[in-house]
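Fold and contact review
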Amino acid sequence: MSETDETVENTTVVIVGGGVAGLALGTFLLRDGIDCVVLERQSRQYVEQRQRAGVVDSRAARVFRERGLADRVLGGVPFEPLLNFRVDGETRPLAYATDDHGDGRFCPQQVLVRNLIDVFLGEGGDLRFEAEDVTPEDVDGPRPRVRYRDGAGVTHTLDCAYVAGCDGDHGVSRASIPEGILTRHSHEYGYAWLTVLADAPANHQSMMAIHERGFAGQFARGPLASRFYLQCPLDTAVEEWTDDRVWEEVEARFGEPVAVRGPITAKTLVPLRSVVHAPMTYGRLYLLGDAAHLVPPMSAKGMNLALHDADVFAAAVLRKVSEGDASLLEAYSATCLKHVWNYQAFAAWFTDLMHDAGDVSYRGEFRRRLARAEFERLHGSESANRLFGEFLTGLN
């Protein structure tokens, strides 16, 4: 076949993006007997090794369990209902109420992605890596199509009933929607996180510090590595943070020495922000996960919102295909956005609390005292603690 040749195929759903949202959706559809094709721009090796944090909350874990997938895709460590804090150098653990719903997992995204790939391909799924120049077309018509070019230079056209845009904040799916259709709601928090990956084992699965020099966090990435987070100004340059400076700042904010100052393998600056694009649909194009919304990493809800979108969309497609009822598809955006805004509210509150309670140079002493009062309420008020637990488990 020459590079000028073109193949034309038909499927029900084309899924653009092979991350958590796309692979979960593909697996759900496959289990429901609905044919789909997943297109991923990167190689399989890149996708499976892409390092990202991950917490699968109780609601998301139940989505997998209800589909008979929990034992096959949920790696990681079950977490007890306890958050470890260091406040001004002193340990302040916080146990939170779960009402027997504490079945979430610490599950790095690459573990979940790798497991989903194995299940999807093992059950006959169509997953195409290194798909270049992916272009959704005619998504506002009765029969959309998606074009892409494979590694051999051959152009493929996939005719479909629906396109699921699961390709993230900078993907082609949302960019293909005409200007003026979507409204972007956003909030900038005014600071960034320096994220540091190091060969340094963690004493706990997670530890977060509130300190006058700013927020800090340490989260285990397997038995021998940790991801560290340090609050810093938006105009900080990564080059300013030498390895020695990173370790000194980590130790200062936690108020104790680091057990092992292992090699630092990666440093990245992440400005904290919240974003929602509405509506989450345009014609027969449906946005899922980061293509539709972003939450600050403090909340650990980004992956769970993506899984919620996949669950809602899969159920809607199944209803339409099996019963001819499009009501769930028509309600997709409203259904997801209600859930998204609820957890954006939690993410904004928790992010403000953890950062306002420390460094007063960002928002002042008044906000610091408010945040400290709210933190103490989580320890002393049963109702406040229970509501906090509802959000952490994803069951609010």
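Preceding this section is the structure that the text describes.
With respect to the helices and strands, the residue Y343 is situated in helix 10 (residues 332–356). Residue Y343 is classed as buried on the basis of its relative accessible area of 2%. Sequence separation between Y343 and F391 is 48 residues, and the spatial gap between their C-alpha atoms is 7.5 Å. Those residues in contact with Y343 that sit more than four places away from it in its chain are K301, L305, E390, F391, G394, L395 and N396. Polar side-chain contacts of Y343 include one of 3.5 Å to the backbone nitrogen of L395.

Attention now goes to the sheet that holds strand 13 (residues 145–149). Strand order across the open sheet formed by four strands is 1-14-13-12, with mixed pairing between neighbours. The open sheet has two edge strands with one neighbour each: strand 1 (6–10) and strand 12 (132–137). Sheet twist, expressed as the mean angle between neighbouring strand axes with direction ignored, is 15°. Sheet analysis places strand 13 next to strand 14 (residues 155–159), joined by five bridges and oriented antiparallel. Its bridge partner lying in strand 14, R149 is registered against T155.

Moving on: the packing of helix 8 (residues 302–323) against helix 10. Angle between the axes and distance between the axes are the two parameters that describe a pair of packed helices. Contact pair helix 8 / helix 10: the axes reach a minimum separation of 10 Å and the direction vectors enclose 160°. Classified by the angle their axes make, helix 8 and helix 10 are roughly antiparallel. In this structure, the crossing between helix 8 and helix 10 has a hand that is right-handed. In this structure, helix 8 contributes L305, H308, D309, V312 and F313 to the contact, and helix 10 contributes Y332, T335, C336, H339, V340 and Y343. Across the contact of helix 8 with helix 10, the residue classes break down as seven nonpolar, three polar and one charged.

A few words now on the side chain of D169. As for its position among the elements, D169 is in the loop between strand 15 (162–165) and helix 6 (172–175). At 3.2 Å, the side chain of D169 forms a polar contact with the side chain of R273.

Take the sheet that holds strand 20 (residues 264–278) next. Spatial ordering of the open sheet is given by 8-7-17-18-19-16-20-23, a layout of eight strands whose pairing is mixed. Only two strands of the sheet have a single partner each, and these edge strands are strand 8 (90–91) and strand 23 (293–294). For strand 17 (residues 206–210) and strand 18 (residues 216–220), the ladder comprises four bridges, and the chain directions are antiparallel. In the sheet register, A209 faces strand 18, and the bridge partner there is A216.

According to the stated counting rule, one finds 33 salt bridges in the structure shown. Put simply, E6 and R147 hold a salt bridge, and the shortest N to O gap is 2.6 Å. Highlighted residues: E6 in strand 1 and R147 in strand 13, separated in sequence by 141 residues. A salt bridge links K267 to D243; the shortest N-O distance between them is 2.7 Å. Within this pair, whereas K267 is found in strand 20, its partner D243 is found in helix 7 (residues 243–254), the two being separated by 24 residues in sequence. A relative accessible area of 25% places K267 in the partly exposed class.

With that out of the way, let us pick up the nonpolar core. Among the nonpolar cores identified, the biggest contains 105 residues, and L25, F64, L112, L288 and F313 are the most heavily contacted of them. Excluding residues within four positions of it along the chain, L112 makes contact with V20, V56, F64, V73, L74, C107, M303 and L307. In terms of nonpolar packing, the next biggest core, distinct from the first, is built from 18 residues, A209, W241, V246 and I264 among them.

This part covers helix 7. For helix 7, which comprises twelve residues, the first-to-last C-alpha distance of 17 Å matches the rise-based estimate of 16 Å (1.5 Å per residue) to within 8%. Within helix 7 the residues assigned to the buried category are V246, W247, E249, V250, R253 and F254. The arc enclosing the buried residues of helix 7, seen along the axis, measures out at 165°, which places them on a common side. Along its buried surface, helix 7 packs onto strand 7 (85–87), strand 16 (183–198), strand 17, strand 18, strand 19 (226–232) and strand 20. G255 occupies a position one or two residues after helix 7 and carries a positive phi of about 70°.

Conventions and cut-offs
- Residues numbered from 1 in each chain as written.
- Predicted model: local features only at pLDDT ≥ 70, side-chain atom pairs only at ≥ 80, totals over all residues.
- Heavy atoms only, no water.
- Helix = DSSP H or I, 4+ residues; strand = E, 2+ residues; numbered from the N terminus.
- Buried < 20%, exposed > 50% of the residue type's maximum accessible area, 1.4 Å probe, protein only.
- Contact = heavy atoms within 4.5 Å.
- Polar contact = N/O pair within 3.5 Å; in protein donor to acceptor, adjacent residues only side chain to side chain.
- Pairing = 2+ DSSP bridges.
- Axes fitted to C-alpha atoms, helices over the stretch in contact; angles between N-to-C directions.
- Parallel < 35°, antiparallel > 145°, perpendicular 65-115°, else oblique.
- Left-handed = near helix turned anticlockwise from the far one by under 90°.
- Nonpolar A, V, L, I, M, F, W, Y, C, P; charged D, E, K, R; others polar.
- Salt bridge = Lys/Arg side-chain N within 4 Å of Asp/Glu carboxyl O.
- Core = buried A, V, L, I, M, F, W, Y, C linked by side-chain atoms within 4.5 Å.
- Expected span 1.5 Å × (residues − 1).
- Arc of directions from axis to C-beta.

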